[in-house]
Structure formats: C-alpha cells, structure tokens
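Remarks on the overall topology
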Amino acid sequence: MDGGTAAPQRDGTGGEHGDLADLAGAVLDESPPTAARRASGRSRRSAGGADTALPGVGAAGADPAGKPPAEGPTLRQGLRRGGTSVFTVLLILTALDELEGAALAVLAPDIRDSLGVGNGTIVFLGVAAGAFTVLGAVPMGWIADRFRRGPVIGASTAFFAMMVFLSGFAMNAFMFFWTRFGAGVAKSNSGPVQGSLLADTYPIGIRGRLGASIGVSGRLCAVLSPLVVGGIAAAVGGPDGWRWAYYLLGLPVVVFAAFAFFLPEPPRGQWEKTEVLGEVIEDENPPPISIEAAFARLGRIRTLKTVILAFAAMGFGLFTTPVLGNLFLEQEYGLDAFERGMVGTAGGVAGLLVLPFVGRYYDRRFQEDPARALRLIGLLIVPSALFAPLQFFAPNPVLFAVFGVPQVVLLSCAFALMGPLMQTIVPYRLRGLGTAMASIYVFFIGATGGGLVSAPLIDGFGPRTAVLITLVPATIIGGLLIMRGAEHVHGDLALIVAELHEEQAEHARRQAEPDRLPVLQVNHVDFSYGQVQVLYDVGFEVRRGEVLALLGTNGAGKSTILRLIAGLATPERGVIRLNGRTVTFVAPEQRVRMGIVSLAGGAGVFPGMSVRENLEMGAYIHRADPDLVRERIERSLALFPRLVERADEPASALSGGQQQMLALAMALLHDPEVLLIDELSLGLAPAMVGELLEVIERLRAEGLAMIVVEQSLNVAMSIADRALFLEKGRIRFEGAAADLAERDFVRAVFLGGDAGADTSDERSAPGESVDHG
Ligand SMILES: Nc1ncnc2c1ncn2[C@@H]1O[C@H](COP(=O)(O)OP(=O)(O)OP(=O)(O)O)[C@@H](O)[C@H]1O
C-alpha cells in the first residue's frame, strides 16, 4: 500500500514542469522536498494578501501541540494522530461493500434461474441498487453533519447486513428488489458519513493517501469478488448455492457494524482549526443545519460548483460506458461473460498498483499548492478520453484490454482523489451534505443524461459510436472544467480560513466578556441574488432591549438583511448568531423556535378568520402544548386592548393599523428574542403609529431586541436606540439614532437635501456602539 510509512517522506517533483512528468517522477524517483520550496509555495499561496496559511497547505500536519513537523506527516504518523481504529474499520467496511456490490453481477445467472425472472429484471435490479445509494446520500449527508458519525455508520451497516442476509432468503424478484433497495440506501452512508468522519479524524496532509488506500482496498475486493462469491456459490452447489454467498457475506458485515458503533467522534473541523488557528475551539451545542441553506451555501463555493459540473458532464460517459463496452465485446469479438470479466479486471489490477503513488503525489502537491492538486486531477482525466477511440477500434480483444488499462488507471486515480479534495474545500460543518450534493448532480444529470443520449445512439449506430460520441467529449470537457476549477481553490480556501479566524475571534471575545453576549450578531455578510451582489461585508450587533433601525436608499438591501436573519436566504459569506449560537444554516422555522421572529405586516393575517383564530393559527408550531398556546395568546392580547374588543370579528373587518397590531400579536406568540419588523408605519394613520410605538416601547423595556426597517426618519428616530444607514449594500453609518438627523446624507435621502453628500467615511467598526454625534 502506501509507502508513506516510517521512511522519510520524499518528493519526486520536477518543480513547475508539468504535473504528469512530476507524477512519473513520483513513481520512479523520490527526492526530498526542500524547505525552500515549501516556504516559497507557502508565500505564493497566501491568499488575497492575508498572511495566514490555508488549511492543509505548507505546514501541513502541524502538531496539535503547536509544533509543526519539518515535513508533512507520513501516512503512519497521520494515522497514529487520529488513532487507527477509524481507518481500519472504514477500510474494511469499504472492502465488504465492494465485495457485496460485485456479487450481483457474478451471481446474476443463478439468481435469475432461481427466482424465475429474465435478464432484463436482473440488470434492472443491479442498476437500481446504484440509484438507491444516490437517493440515500442527501439524508445521510444531513445526518452526518448533525450526529455522532460512528453510531450512524454502525446502524447503517447493521441494516446493510440485514439486507444482505435477506437477499439470500429472497423467494421472488419482488423481495429481492426490496433487499437491494435497503442495501443501496444503507450503503449511501459511505460517501457522506464515512468520508466526513475520515476527514475530521486524520490530518489534512494524508487525505490523498487515505482516499487512495481505501480506493485500493475497494478495488482489490471488486477484483476478488468474482472468485470469493463465485467460489462460495460453487462450493455449496445446486440452484440455491448463490444464497450462501449472501449469508456468508453478511457475517463479517455484522461484526464490523458493531465496531463502527464505538468509533470515536472527533471534533468537527479539528485539523482545519489546528492548522489555521493553532487550537481546536469547539462549537458547543450547534443548532441543526437545513438542507436548503447548506445547498445554497455550497452552491457558492466556486471550486465545488465547477467540480460538480465537471463530474455531471463526465457522468454522460461514465455510467453508460461499462455497459456499452460489454455489449461491444460481445458483438464485435463474441466474448462470453467470463472473458468480458477478464478484460475488465486487467484495468482494475493496474489501478491497484498505481493508486498508492498517486495518493502520495497528490498530498505533496496539495501541501505545495492546492490549485496544482486540482489541476493534477484534471490532467489525469483529459488523456483518459483519448484511449477510448484506440480501444474501440482495436483489432482484437487483447488490444482492447491493453488500451483500457491506462484509461481505468487514470480515472480511478482521479476519482480516488476527488473525495479528499472535496472534504477540504467544503466548510467543515457541511461536509456530509457537500458530498451528497455532488453525488446527486453526478447521478441525476450525468447518469440520466448519459442514458438518454446513449440509448438512441446504440440503436441507430451501435455501441462504438455511442461511446465515442458520449464518453470522449464528456470526459475532455469534465477534465478541462476541473482544471479550470483550480483557479478558484485559493479563494475558496481563503474564505474557510477567514471563517475560522472569525470563529476564533468570537470565541476569544466571549471568554473575555462572557456577560456582554449580543442577542443577535451579523458578521461579514455578503449576499447576491444570482450574479448580482446586493450586500457587501455587512456586520452589526443587537443587544437585549435594544432597537436598531435599518435605514437607507431604495434597494439598499435592508429587507434582504432581514431575510437573511430570518433564514429566508443564505449568505454566501459571513455568520449570523443568536445568543452566540451560529444560525447561518438553520432553517427559518427552527429560527422562529429559537426566537428570531418576523413581523409579517398587514399581509400576514388571515382575513377570513377571526382575530382569535388568527392567533390560534399563529401559535400553530406550539400546538403540542395547548396550555402554553392559551397563555401566550392571553399575554399577546393583553398588549392590545383594541383586539380583545374585536376578538371574534374577522380580521378583514379590522383597519390597516389594527391588522398590523394583530400581526404583531401573532409574532409575539413565539416569545421572540429578536423581532424583525419591516415597515412598521407604512400606510398607517399617525394616531395608529403612535399606538404601535407605545407597544414597541413596552416590549423594549421588557428586554426584547428589535430590528426595524423604516422609511420614516421620524419613526426611526423615535423608537430606535441605534441606526444603520445602508447604501448600495454597504453600511455607511452606524451610530446613535439621535444623530441621524445631523447627517447630510440622511437628510439627502429622507428630506430631499444635498444628494451629493459624502457618505464614505461614516462607518464605525461592526459591533461598536458608536456615537458619532
Ligand atoms: N428576489 C430578488 N431577486 C433579485 N433581486 C432582488 C430580489 N429582491 C431584491 N432584489 C434586489 O436586491 C437589492 C436589495 O433589495 P432590498 O429589497 O433588500 O432593498 P431595500 O433596501 O429593502 O429596498 P426597499 O426599501 O426599496 O424595499 C435591490 O437592488 C433589489 O432590486
């Protein structure tokens, strides 16, 4: 396996002279990297001028004690740091997965005869199992980002074992289908859950080798599977011999499922934190992440987006080619199943030999420059496409197999390295869902699209043309896209670094001033609608009992800020915290439960329902506790005597101002920590505004924090303690609300004064409660 053991780690690079030449160097000759190169690589990488290291780059594998080793860790050192149990158990589970996965192909004829079905059914069952694995990826990714991963892997594997046993007991195709369904879903833990556990357990500097080692064990088992599975079936003999293959395969799976339950749970992102911050600060009690928010954020990671697009493109060729290749071998050379298997095995064995070197080479490239590591993956993929025409025009099956070898080797190396790369460019909190997102796109765009394009081509022109038309361009486009993605790696990693530093600064501040925790924090937030950025580095805080007014020009981004706080949109950069807990990726309804409540305005009431029914609907999410609902409704109504009088009238009979009161009463049912109010006074009579302001005043006195977007400067100044003035998505002023009227630019906007007033230097640092007066 990997040579990166106790032997001194050595580098076989040719410097800047092309990755493929370097790769050959790594395989043939290994010379130690110089400290100078490491140092120069590090300075080149310092992204955006920040003098911080990127995770996994340069001093990769810095010791948690704070002392970076002279070189990146060897595989053995890295494994020792994280403890060998996780690696060993996951390696074996992958091997067993592969062993079982390949069983269906080998046993297909026996199963077909035993269950009395046709070829088509068996082929469908084989393909369906793969689809189920992809379908399970998103829930598994979501679980991986939330819960202890050992028990998740243990439970999925135990379920998998049960499905393997049951496959052996299947009496008909229907039952066999369901066992395949279960096994497929259970297996879907492997990418999102196992991948994220590995990434958090072991140093970044060995991720390439870990991916390669697991790839080797999987591939080895895929190669051995026909022997093992076929051997068991043959040894037992008879029409039901195949059943014993499943019974026996299930046994080791049960044993390792039990081990998996007890795998240690590492602190999330510990290696990124260790390398960037020099310490591991843990996020105590992180609230649950929503899938939509995670996907929105992941979609903003440009490297990830490009890589996923590349894999979706490649999927057009990758999923159909094995089937097309087998059809071609049968039609063109008349090979039987066994002979076709032999042709496929040749590439698999060669991949086994090369993978360990590629893993090591990748780790070194990554340490020097992550962009080069990604370019390496692209460089492996592009030439693989060129072997397909040679293969499909080969005069005999031997040459077909020979030309297939470099193709399989290049692609299996590229794929073994993708996992480690993805784990590094995705923020550590979203690792599971990041992996899941990739599989979904690859499968649903690539595999489905590839199937749709290939089908008419096979019928019209035969498998050779179908492969050449789909695989060759798709692979070249995919490889080039991945190389293109390399442009974004530094930027994306720099973002991760910035987020880690923000977390550390926040942690330090909390240690220093534990009693001054703001109720709401918005830090360094950027947001775009599509390609149009509308918020730039927005940051502010709101304390208990404080009212903050958001003012600004039309379209400045005020409502967007409220949407981000409420969770109706996800920032592409930055953090939102409620009472110190990061809620950036928390679902809107969960935020309501946590205390971030929006006043929906007059449009937020149900006109056909009575006032009381509106309030009952408003308390819907608390319906499990009727006493609580009753108490909250009474408390809300107590603030609005006018509503009590009209409790049984339909909301449509209320005036605009009274509807606004009802909406406010409904918002208060959630016992908010922060109330977000968009346009409190819009279109209301002054007397009504006065009444509402009185209520706001009482709520403030009770300690409620509020953010109010206001068009009326008078209203803003009368209720707010502090104000932010926004212009084109940037904060131009932050300070005491009373000072607003003195600002030229505020007068220009609200009172029609000098519109050319300079607004450039009014901003104080976020979080400071500054009096500019
Ligand atoms: N759903 C959307 N899709 C695309 N662009 C949007 C969307 N919503 C808002 N925008 C744009 O984003 C920018 C900020 O809008 P936002 O509504 O947050 O501003 P605002 O300060 O609340 O303005 P206003 O007071 O006029 O409502 C504007 O340029 C707006 O055109």
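Residues numbered from 1 in each chain as written. Predicted model: local features only at pLDDT ≥ 70, side-chain atom pairs only at ≥ 80, totals over all residues.

The name an unreviewed UniProt entry gives the protein chain is ABC transporter, with Embleya scabrispora as the organism. According to the UniProt record, the Sequence similarities (unreviewed entry) comment for the protein chain is "Belongs to the ABC transporter superfamily." Of the protein chain, the UniProt comment under Subcellular location (unreviewed entry) reads exactly: "Cell membrane". (UniProt positions renumbered as here; feature names shortened; annotations may be inferred.)

When helices and strands are tallied, the protein chain shows 29 helices and ten strands. Residues classed as buried in the protein chain amount to 50% of the 773 residues present. Taking the contacts inside the protein chain whose residues are at least 6 apart along the sequence as the reference set, 78% of them involve residues at least 24 apart. (Helix = DSSP H or I, 4+ residues; strand = E, 2+ residues; numbered from the N terminus. Buried ≥ 20, exposed ≤ 12 C-beta atoms within 10 Å, placed from the backbone. Contact = placed C-beta atoms within 7 Å.)

Here we take up the pairing of strand β2 (residues 532–542). Here strand β1 (residues 520–529) pairs with β2 via seven bridges, running antiparallel. What sits directly across from Phe-527, in β2, is Leu-535. Joining the antiparallel neighbours β1 and β2 is a turn of two residues, in which Gly-530 adopts a positive phi near 60°. (Pairing = 2+ DSSP bridges.)

Two pairing modes exist for strands in a sheet, parallel and antiparallel, and in both the strands are linked by backbone hydrogen bonds. Taken in spatial order, the four strands line up as β2-β1-β4-β5 in an open sheet, and their pairing is antiparallel. In the strand order of this sheet, the two ends are held by β2 and β5 (581–582), each with one partner. Relative to strand β4 (residues 573–578), β1 is paired through five bridges, and the arrangement is antiparallel. Across the sheet, residue Leu-520 finds its bridge partner in β4, namely Leu-578. Contacting β1, β2 and β4, helix α21 (residues 558–566) runs over the sheet at an angle of about 115° to β1. (Axes fitted to C-alpha atoms, helices over the stretch in contact; angles between N-to-C directions.)

In this section: the confidence of the model for the protein chain. Interpreting fine coordinate detail is not advised for predicted regions of low pLDDT. With 86% of its residues at a pLDDT of 70 or more, the protein chain shows a mean pLDDT of 80. Note that residues 1–52 has pLDDT below 50 and, in this model, 85 contacts with residues that lie over four places away or in other chains. Per-residue pLDDT stays below 50 along residues 59–70; that stretch engages in 22 contacts with residues further than four places along the chain or on separate chains. Interface confidence for the predicted complex, expressed as ipTM, amounts to 0.97; the pTM equals 0.77. (pLDDT = per-residue confidence, 0-100.)

By domain assignment, the protein chain separates into domain 1 (79–267), domain 2 (290–514), domain 3 (517–586 + 673–768) and domain 4 (596–671). Inter-centroid distance (C-alpha atoms) of domain 2 to domain 3 is 45 Å. With ten residues of domain 2 in contact, the opposing surface of domain 3 contributes eleven residues. Mapped onto the side of domain 2 that touches domain 3, the elements with two or more residues apiece are α13 (291–298) and α20 (463–512). Residue contributions to the side of domain 2 that touches domain 3 peak at four residues, all from α13. Here the side of domain 2 that touches domain 3 is built from residues that sort into four nonpolar, one polar and five charged. (Domains from an automatic or database assignment. Nonpolar A, V, L, I, M, F, W, Y, C, P; charged D, E, K, R; others polar.)

Next up on the list: the site of the ligand. Taken together, Tyr-529, Val-534, Gly-552, Asn-554, Gly-555, Ala-556, Gly-557, Lys-558, Ser-559 and Thr-560 are the residues near the ligand. Per-element tally for the shell around the ligand: the top contributor is α21, with three residues. Per-class residue counts for the shell around the ligand are three nonpolar, six polar and one charged. (Near = placed C-beta within 6 Å.)

Bringing the environment of Phe-319 into the picture now. By the secondary structure assignment, Phe-319 is in the loop between α14 (302–318) and α15 (321–333). Sequence-wise, Phe-319 and Gly-451 are 132 residues apart; in three dimensions their C-alpha atoms are separated by 7.8 Å. In this structure Phe-319 touches Gly-446, Ala-447, Gly-450 and Gly-451, once residues within four positions along its chain are discounted.

This part covers helix α24 (residues 626–638). With 13 residues, α24 should reach 18 Å at 1.5 Å per residue; the first-to-last C-alpha distance of 18 Å fits that figure. For α24, the full list of buried residues reads Arg-632, Ile-633 and Ser-636. Mapping the buried residues of α24 onto a view down its axis gives an arc of 100°, with all of them on the same face. Exposed positions of α24 whose direction lies more than 90 degrees from the buried face are Asp-627, Arg-630, Glu-631, Glu-634 and Ala-638. The inward-facing, buried residues of α24 contact α23 (611–618) and α26 (656–668). (Expected span 1.5 Å × (residues − 1). Arc of directions from axis to C-beta.)

Below, the discussion takes up the sheet that holds strand β7 (residues 674–678). The six strands are arranged β6-β7-β8-β3-β9-β10 in an open sheet whose pairing can be described as mixed. Since the sheet does not close on itself, it has two edges, and those belong to β6 (596–599) and β10 (730–736), each with one partner. Ignoring strand direction, the axes of neighbouring strands in this sheet form an average angle of 20°. Where β6 meets β7, four bridges bridge the pair, whose relative direction is parallel. Bridge pairing links Val-597 to Leu-675 in β7. Each of β6 and β7 touches α26; the most contacted strand, β6, lies at about 170° to it.

Relative orientation of the contacting elements helix α10 (residues 207–236) and helix α11 (residues 241–261) amounts to 130°, with a least axis distance of 7 Å. Put simply, α10 runs oblique to α11. When the axes of α10 and α11 are compared, the crossing they make is right-handed. Contact residues: α10 offers Val-229, Ile-232, Ala-233, Ala-234 and Val-236, while α11 offers Gly-241, Trp-242, Trp-244, Ala-245 and Leu-248. Tallied by class, the residues present in the contact of α10 with α11 amount to nine nonpolar, one polar and no charged. (Parallel < 35°, antiparallel > 145°, perpendicular 65-115°, else oblique. Left-handed = near helix turned anticlockwise from the far one by under 90°.)

Both β4 and β5 contribute to a ladder of two bridges, which runs antiparallel. When the bridges of β5 are listed, Arg-577 appears paired with Thr-582.

So, on to the packing of helix α6 (residues 137–144) against helix α9 (residues 190–201). Packing of α6 against α9 brings their axes to within 7 Å, and their N-to-C directions diverge by 25°. With respect to α9, the element α6 is oriented roughly parallel. Here α6 contributes Ala-137, Met-140, Gly-141, Ile-143 and Ala-144 to the contact with α9, which in turn contributes Gly-191, Pro-192, Val-193 and Ser-196. The residue inventory of the contact of α6 with α9, partitioned by class, reads six nonpolar, three polar and no charged.

A few words now on helix α18 (residues 397–425). An ideal rise of 1.5 Å per residue puts 42 Å on 29 residues; α18 measures up with 42 Å between its terminal C-alpha atoms. The axis of α18 is deflected most strongly, by about 25°, at Met-418, and proline Pro-420 appears within four residues downstream. (Bend = angle between axes of the 7 residues up to and from the residue.)

Here we take up the environment of Gly-348. Note that Gly-348 resides in helix α16 (residues 337–368). Placed 226 residues apart in sequence, Gly-348 and Ile-122 show a C-alpha to C-alpha distance of 24 Å. Excluding residues that lie within four positions of it along the chain, Gly-348 makes contacts with Arg-219, Ala-222, Val-223 and Val-408.

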